[in-house]
Amino acid sequence: MKNNQRIIIVGGGSAGWMAAAALSNAFGTTKKIILIESDAIGTVGVGEATIPAVKSFNKLLGIDEAEFMRNTQGTFKLGIQFENWGAKGDVYMHPFGLVGKDSWMANFQHFWLKAKHLGVAKSYFDYSLNIRTANSNKFFIDPNSGVDYAYHFDAGLYAVYLRKYSEVRGVERIEGVIDTVQTYPDNGFIQSVTLNSGQTIEGDIFVDCSGFRALLIEHTLHTGFEDWSHWLPCDRAVAVQTESVGEPIPYTRSIAHQSGWQWRIPLQHRVGNGLVYCSRYLNDEDAKKLLLGNLDGATRTEPRLIKFRTGRAIKQWNKNCIAIGLASGFLEPLESTSLHLIQTGIVRLIRMFPGDDINQSEVEEYNRQSQFEYERIRDFIILHYHVTQRTDSPFWNYCRTMSIPDTLARKIQVYKNTTSVFKEQDELFHEGSWQQVMLGQGITPRSYHPVVDKLSDEELVRLLKSIEKEHDQYLARFPSHQQFLDHYCKALAP
């Protein structure tokens, strides 16, 4: 075979099977794709909430949405509700979709801010149809409405679904645990892996989806890791599944506690729960007690402890190895970006996949883009911790007073001064997302864009009322979330 024709994926789970599915879809049978995993090792398997970009990934694969939802026990997600983040008792939602109506010169927040100064505006978040739909526990797919959405689903079932998809397209799965990794003595590239059964598997391109073990990218190639725990001090999570006690809500809940935060993710057949926390301020046993004391339904599983370190591999493509998923780095799931980072890493690899030779300039470009993406998502997550008024615990005092990256400090200052945030290159979160979190956590900008003064006070009031009226009309037509699930994608029996 020609060079770079044998692709070896090390590890299964969401990362491994997303990679297998996308690579087999892109290359068909022109490349030999082998995935090595062991049922005995298992996966982390807590990533069940997504952002809207996952729809593009499924569409790329030609996956039918309703079929996918039925097979993964999926529900719909209109945003993330943050509770106790700005101050204890505060609640706001970071919605998908538009808030209000934007001008090409200034987005809606500028118009709202003037209306607020005049005393004629409701809460900024009252002008989001996504939020109003979520709070009404409704859902409907209507591209004309401006409502955007993502999914909650069972990540383990998603991996099963993608395995079937991949194997139909020629991906070979090998069950086994890797015992040793062989590298070429002249250039250090990975040559093969040997399983504990004695079987040796050679390859040209190796995709490391081995999770936190980072078997190839770190343990074999010693790539190095950039630690961000001084900015994101949480280093533990405990996860548990519970029975559903009511109809699933169409949003994720993120509930801040004294030393971290708790997630609640509703699926059709159960609820995913977890507590992310910092072990410097909360020990593991107390974390389990805190989580178990804040559940709505009976537990279905035993609490599972997960240890992690936030940061990223210094090179996510090193020699002939590309790290995808947890092997490439970890950013806690506060904004549901874990599966997105898997998705973009895979798509980036396909776009830059080498011909007969690995081109170093392409490798460096892959790493540059990956670094930029990770750093901007990192900044967005740090924002939630740093912009807080909480003084009730050592954890929040640390987060509120810690130094932050210059890139984040600049965004916050520009927003305070101008009500504007400017998206850089291909960073994930748009201007509205940054503004929603900063406003939701207590930053009130000083001024609005002068273009707003083009509208008279009466015109501004009419604009706000027209937005409300339009949203009222949509809400009157939308069915409940449960009704939509039952009609569109009622799950298969678990």
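What you see is a predicted model, and the numbers here were worked out from it, not measured in a lab.

Asks: Is there a simple way to explain the sheet that holds strand 8 (residues 178-183) in this structure?
Replies: Remark on secondary structure: sheet strands pair via backbone hydrogen bonds, oriented parallel or antiparallel. What the three strands build is an open sheet, ordered 8-9-10; its pairing is antiparallel. Only two strands of the sheet have a single partner each, and these edge strands are strand 8 and strand 10 (200-202). Pairwise comparison of adjacent strand axes, ignoring direction, gives a mean angle of 20 degrees for this sheet.

Asks: Would you explain the pattern of salt bridges in this entry?
Replies: When charged atoms on two side chains of opposite charge get close, those side chains can pair. Applying the stated rule across the entire model yields 30 salt bridges. Measuring nitrogen to oxygen at the nearest pair gives 2.6 Å for the salt bridge that ties Asp148 to Lys55. Of this pair, Asp148 sits in the loop between helix 5 (129-135) and strand 6 (150-152) while Lys55 sits in helix 2 (residues 53-60), and the two are 93 residues apart along the sequence. You can call Asp148 partly exposed: its relative accessible area is 25%. Arg390 is the salt-bridge partner of Asp392, the closest N and O atoms lying 2.7 Å from each other. When salt bridges that share partners are traced, they join Glu375, Arg376, Lys411, Glu424 and Glu427 into one network.

Asks: Please explain the environment of Ser128 as it appears in this structure.
Replies: Secondary-structure assignment places Ser128 in the loop between helix 4 (108-118) and helix 5. Owing to a relative accessible area of 0%, Ser128 belongs among the buried residues under this scheme. Separated by 55 residues in sequence, Ser128 and Thr183 have C-alpha atoms that sit 54 Å apart. Only 3.3 Å separates the side chain of Ser128 from the backbone nitrogen of Asn130, close enough to count as a polar contact.

Asks: Please explain unusual backbone geometry as it appears in this structure.
Replies: In most cases, non-glycine residues show a negative phi, while peptide bonds are predominantly trans. Residues other than glycine seldom take positive phi values, yet Ser336 does so here, at roughly 60 degrees. Phi at Thr419 takes a positive value of approximately 65 degrees, unusual for a residue other than glycine. Position of Thr419 among the secondary structure elements: in the loop between helix 11 (406-418) and helix 12 (431-440).

Asks: What is the right way to read the environment of Ile174 from this model?
Replies: If you trace the backbone, Ile174 turns up in strand 7 (residues 172-175). You can call Ile174 buried: its relative accessible area is 10%. With sequence-adjacent residues up to four places away left out, Ile174 is seen in contact with Ile34, Leu35, Ile36, Glu37, Leu195, Gln199 and Ile201.

Scoring rules and cut-offs
Within each chain, residue numbers correspond to sequence positions counted from 1 in written order. Where local features are concerned, this predicted model is filtered to residues with pLDDT of at least 70; where side-chain atom pairs are given and counted, the filter is 80 or more; whole-chain, interface and lining totals use all residues. Where side-chain values are given, they derive from all heavy atoms of the structure, hydrogens and water being excluded. Should DSSP find at least two bridges between two strands, the strands are taken to pair. Every helix listed is a DSSP run of H or I at least four residues long, and every strand listed is a run of E at least two residues long, numbered separately from the N terminus. The axes used here are C-alpha line fits, helices contributing only the stretch in contact, and every angle between their N-to-C directions lies in the interval 0 to 180 degrees. Just to be clear on terms, a salt bridge is a Lys or Arg side-chain nitrogen sitting within 4 Å of an Asp or Glu carboxyl oxygen. Burial classification: accessible surface area is computed with a 1.4 Å probe over protein chains only, and a residue below 20% of its type maximum counts as buried, one above 50% as exposed, and the rest as partly exposed. Under the rule applied, a polar contact is a pair of N or O atoms within 3.5 Å (in protein, one hydrogen donor and one hydrogen acceptor; residues adjacent in sequence only if both atoms are side-chain atoms). What makes two residues a contact is simply this: any of their non-hydrogen atoms within 4.5 Å.

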